[in-house]
Amino acid sequence: MNWNLNLPTGTRDKLFREAEAAHKLENTVLDFFKKRDFMRIETPIIEFEDVFSSETKETHYRFFDEKGRLLALRPDMTLPIGRVVHTTGVHLPLKLSYSGKIFRANAGFSGDRNEETQAGIELIGYGSKKAEIECLLSGIRLMQTLAIPDFQMELGHAGFYELLVQKLHLSGQAENEFRALLQNKSLSEMQAFSEQFEPKWARFLCALPRLFGEVHPTILEAKALLPDEELNAPLDEILEMATLIQQVEPNAALLVDIGLVQELRYYTGLIFRGFASFAADYFLSGGRYDRLSEHFGQTKVPAVGLALHLDSILAVKERHGLTEKFSKKEILIHYDVTELKMAERYYAEHPESVLSFLDSERESIAFARKWDIGTVVSFQKEGLKVIFERGERV
């Protein structure tokens, strides 16, 4: 079969207004990060697959180079940036921003995009909670800048999950099953899974998929159910962070999900996701990942990141009618090539005009009718004349 008229699964073309809106959205996001003093970084789309060895390889687009080495299209932006930071000798701490394409081979007919535009920030070398504050405030304020309605930020903690897994003595397939149950929030399956544990742990596990909502009451409920007080510390950190954020953004809609786990496994501390009405899934995510440096053979380096899925944000803006329409052109400029200079001058002086690249006046008039352009002017050796006005018959 000849595939030259088809697109690979999970990819799509952007045309005209959508492409322009996507370009403007990316520039707006990057300008926002620049104003907050982040420095831009770019990495190749193609990397050695070893860069992503900590991730699930089934989702990678993999291929060999001319020397037989295994390469991959990047499925993530943070790991390549980690490679740069930990192999080039740049001085820390750093505040970095980025944008670019990522690629993940999702299951066919899942509806997921296999190609996405992602933008974000990484604060590397910052162990202070101020780094998490910066990521959360940047996410909230950027959504305000983009006029995303009903935006909600959901908080969680990777350390809570890791500690819980240790308390339950889960590893291998059992840990993977538990992780999937939390991601799917399956109450019935979690109940069946919990039957292997002591009643005090089973009771908490059965409640865990529904422990999400407003920060203060949800954390109080979780603490009342927890069988081990050692698990309170990550919850206290979430509560403290929510309190700090609401001091400067009192109208921010902050939620908590006690059982939140990110898709990527390198997170170690506070994690978060962003949602809005008319969004099929979260389009903002991030958190603290203090052990990513160990993947590159380095000692522990504190870091926090924020990632935005720009295609999903654009879809939300489209559904809310928030993307700009093309500015309508009112004048079509037909010209003889000998009058190019005059036509170009007129075009520069009249932003509501557009040049015609058709040879005859009749073709230009037909074009204006088709695209509802009100006036056609023509530059000829004899000078400038109006050859069509909307409503005229030719």
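It should be emphasised that the depicted structure is a prediction, and the values quoted were computed from it without experimental measurement.

Moving on, we get to a nonpolar patch on the surface. The grouping of Leu15, Phe16 and Phe326 at the surface amounts to a nonpolar patch, some 380 Å² of accessible area in total. Examined against the element boundaries, leucine 15 turns out to sit in the segment before α1 (16–35).

Quick look at the layout of surface pockets now. The calculated volume of the second largest pocket comes to roughly 280 Å³. Lining the second largest pocket are 15 residues, with Ala21, Lys24, Lys317, Thr323 and Glu324 positioned closest to its centre. Only α1 and α10 (310–319) provide two or more residues apiece to the lining of the second largest pocket. A total of six residues in the lining of the second largest pocket trace back to one element, the largest contributor, which is α1. A breakdown of the residues in the lining of the second largest pocket according to their chemical character gives six nonpolar, three polar and six charged.

So, about the sheet that holds strand β13 (residues 331–335). Judged by pairing direction, the sheet is mixed, and its four strands sit side by side in the order β14-β13-β15-β16 without closing on themselves. The open sheet has two edge strands with one neighbour each: β14 (353–355) and β16 (383–389). Each adjacent strand pair in this sheet contributes to an overall mean axis angle of 25°, direction not counted. Looking at chain direction, β13 and strand β15 (residues 375–380) are connected through five bridges and run parallel. Across the sheet, histidine 334 pairs through a bridge with serine 378, a residue of β15.

This next bit is on the pattern of salt bridges. Pairing of side chains with opposite charge becomes possible as their charged atoms draw close. Following the criterion strictly, the structure yields 25 salt bridges and no others. Glutamate 115 is the salt-bridge partner of lysine 101, the closest N and O atoms lying 4.0 Å from each other. Highlighted residues: lysine 101 in strand β5 (residues 94–103) and glutamate 115 in strand β6 (residues 115–124), separated in sequence by 14 residues. For glutamate 115, a relative accessible area of 23% translates into the label partly exposed.

On to the domain arrangement of the protein chain, then. Per the domain assignment, the segments of the protein chain are domain 1 (9–320) and domain 2 (331–389). On a C-alpha basis, the centres of domain 1 and domain 2 stand 52 Å from each other.

Rules and cut-offs
Residues numbered from 1 in each chain as written. Predicted model: local features only at pLDDT ≥ 70, side-chain atom pairs only at ≥ 80, totals over all residues. Heavy atoms only, no water. Patch = residues over 30% accessible without salt bridge, like charges linked within 9 Å, V, L, I, M, F, W, Y side chains within 5 Å. Areas by Shrake-Rupley, 256 points an atom, 1.4 Å probe, with all protein chains shown as cover. Salt bridge = Lys/Arg side-chain N within 4 Å of Asp/Glu carboxyl O. Helix = DSSP H or I, 4+ residues; strand = E, 2+ residues; numbered from the N terminus. 1 Å grid on protein atoms, 1.4 Å probe; cavity = no way out; pocket = protein on both sides within 12 Å on 5 of 7 lines; lining within 4 Å. Points joined across faces, edges and corners; volume = space filled by probe spheres on them. Nonpolar A, V, L, I, M, F, W, Y, C, P; charged D, E, K, R; others polar. Pairing = 2+ DSSP bridges. Axes fitted to C-alpha atoms, helices over the stretch in contact; angles between N-to-C directions. Buried < 20%, exposed > 50% of the residue type's maximum accessible area, 1.4 Å probe, protein only. Domains from an automatic or database assignment.

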